[in-house]
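A closer look at the structure
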Amino acid sequence: MKQVPASLTDLDRNRFVHFIGIGGTGMSGLASSLVALGYRIAGSDNSPGDIVDTLRNEGVKIFLAHNSANIFSDTQLVVRSAAVKDDNPEVFAARLRNIPVIKYAEMLGLLMKQKSGIAISGTHGKTTITALVSFVLTQAGLDPGFVVGGDVPQLGGGSRVGRGEYFIAEACEYERSFLSLYPKLAVVNNIEEDHLDCYRDIEEIRNAFSKFIQRIPPDGLLLLSDTVQDKENLVSKVDCTVKYYGQSEEAHYRLLNSSSQAGITTGTVSLPQGDTVSLVLKLMGEHNILNAVAALAISCEAGIKPVETIEILKKFTGVTRRMETLFDRDGQIVMDDYAHHPTEVRTVLASLRQHFQEHRCVVIFQPHQHSRTRFLLRDFARSFSDADLVIVPDIYFVRDSETEKKNIHSRDLVNEIVKNGGNAVYIPSFGEIEQFLVNNLLPRQLTITMGAGDVWIVG
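Residues numbered from 1 in each chain as written. Predicted model: local features only at pLDDT ≥ 70, side-chain atom pairs only at ≥ 80, totals over all residues. Heavy atoms only, no water.

Focus: the packing of aromatic side chains
The full count for this structure, using the stated rule, is 7 aromatic pairs. Measuring from centroid to centroid gives 5.4 Å for Phe 365 and Phe 380, while their planes differ by 45°, and the two rings are tilted. Highlighted residues: Phe 365 in strand 18 (residues 360-365) and Phe 380 in helix 12 (residues 377-381), separated in sequence by 15 residues. Residue Phe 365 shares its accessibility class with Phe 380, and that shared class is buried. The ring of Tyr 338 is capped by Arg 322, whose NZ or CZ atom sits 4.3 Å from the centre of that ring. (Phe/Tyr/Trp six-rings, centres within 6.5 Å; stacked < 30°, edge-to-face > 60°. Helix = DSSP H or I, 4+ residues; strand = E, 2+ residues; numbered from the N terminus. Buried < 20%, exposed > 50% of the residue type's maximum accessible area, 1.4 Å probe, protein only. Lys NZ or Arg CZ within 6 Å of the ring centre and 35° of its normal.)

As for helix 8 (residues 286-301)
Here helix 8 spans 23 Å end to end across 16 residues, near enough to the 22 Å set by a 1.5 Å rise per residue. Most of helix 8 sits out of view: 12 of its 16 residues are buried. Within helix 8, burial applies to Asn 288, Ile 289, Asn 291, Ala 292, Val 293, Ala 294, Ala 295, Leu 296, Ala 297, Ile 298, Ser 299 and Cys 300. Where helix 8 terminates, the next one or two residues include Gly 303, which has phi positive at roughly 100°. (Expected span 1.5 Å × (residues − 1).)

Examining the pattern of salt bridges
Counting across every chain of the model gives 23 salt bridges. Between Glu 173 and Lys 126 there is a salt bridge, with the nearest N and O atoms lying 3.8 Å from each other. Note that Glu 173 is positioned in the loop between strand 9 (166-171) and strand 10 (183-188) and Lys 126 in helix 5 (residues 126-139), a separation of 47 residues in sequence. Side by side, Glu 173 and Lys 126 carry an identical accessibility label, which is buried. Among the ionic pairs, Glu 203 bridges to Arg 206, the shortest N-O distance being 3.7 Å. Taken together, the positions of Glu 203 and Arg 206, both in helix 6 (residues 202-213) and 3 residues apart, correspond to about one turn of that helix. (Salt bridge = Lys/Arg side-chain N within 4 Å of Asp/Glu carboxyl O.)

Quick notes on the environment of Pro 306
Summarising the element assignment, Pro 306 is placed in helix 9 (residues 306-313). Excluding residues within four positions of it along the chain, Pro 306 makes contact with Leu 271, Val 277, Leu 296 and Cys 300. (Contact = heavy atoms within 4.5 Å.)

A few points about the packing of helix 1 (residues 25-36) against helix 4 (residues 104-113)
A pair of packed helices is captured by two measures, namely the crossing angle of their axes and the spacing between those axes. Look at helix 1 against helix 4: their axes get within 11 Å of each other, and the N-to-C directions meet at 40°. For the element pair helix 1 and helix 4, the recorded crossing hand is left-handed. Contact residues: helix 1 offers Gly 26, Met 27, Leu 30, Ser 33 and Leu 34, while helix 4 offers Tyr 104, Met 107, Leu 108 and Leu 111. (Axes fitted to C-alpha atoms, helices over the stretch in contact; angles between N-to-C directions. Left-handed = near helix turned anticlockwise from the far one by under 90°.)

What about the side chain of Arg 372?
Here Arg 372 lies in helix 11 (residues 370-375). Assessed through its relative accessible area of 5%, Arg 372 is described here as buried. One polar contact links Arg 372 to His 368, side chain to side chain, over a distance of 3.0 Å. Each residue touching Arg 372, except ones within four places of it in the same chain, is listed here: Asp 194, His 195, His 340 and Phe 380. (Polar contact = N/O pair within 3.5 Å; in protein donor to acceptor, adjacent residues only side chain to side chain.)

Following this line, the structure appears as structure tokens:
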């Protein structure tokens, strides 16, 4: 096998880099970034869509199927998404031809290696914080590179190369992929149980985060949420500067108070030097004002004046599929959110209930992965207390084995929700769900689709 490139400069701009699963948000962002740097890019995906069309317009050679013939004779490197397995025909063909195959996170690491990397980690909130930081640094004229795991309309998408010093990216813990990154500044927003298909338990997850923050160099910085448990032990092995953000007295960037009304969230933040600033955010929920505190902290540490940062944050309108309003008229509201973990579900619904107290709240929740649903079943069942009705379609099947698929069904989640005093029903297909919604619509209703799969289609 040919050697995996140690840096982007090892790649030949006249030969192809091939992306398997190029239609994914992160993968497409990497592909676009490499196109902007002058590399020849090809890729495959099983589904057409706007992302694929955009890449094709950028000059990327796209194949709408996985096939060994998609690996050209002048392909020098293959990048695969986390969902692509070893038995994929393109992976097999590349290895047969002695072409290196790397994962998404490894290519992300090569991009980050060229710049001062800002890596945003945590079980929840990564995409929003990454988008906020990318928006602030862009608006402040620092021209950062970034890869956001979602579409940010105000940034023209989810990625850009940038000519400035910084490169901002999400640092995902799945399969320990964030251990391929090179952060100068890293954020840990929270650490909870997730991805239990590749971690044994919470201690193994903590250990992975510990290894991740040890990748920060001595002259770097760790920004740690004060909600992370056992913080002292976590930071005991790092050589860099450590600062906290949150609501406790130990926080260097401390949220003193917050309130949310009419879709606007405000808060007062104390800064390390003792000054206070007022945050105003066009996003609902206390979790988002805390995300903004993290973004404020990063921006201050990057040298942007706090007063400039808070003015920029006022303009931020959000990330696609994060509490996104699709329709609002005559008492009917339709929203969409990416929440696919119990904590995310509970947090989003609590925020919505606070804002829409007079509305009936109907949630269409599509479980994402059979393994996650099985491991976190009881937590999921307790997450819908702010919903008046939960509609559960079939589980979105990705990455799991056929054996795992047989171990749990959406009906199991429905039964658990009912046991916890909730109102839930299993309706397998989107078409049936849409008809049910039309037949049972009330005059004042908030309907929200939730999940990391394709449930947004219903909305």
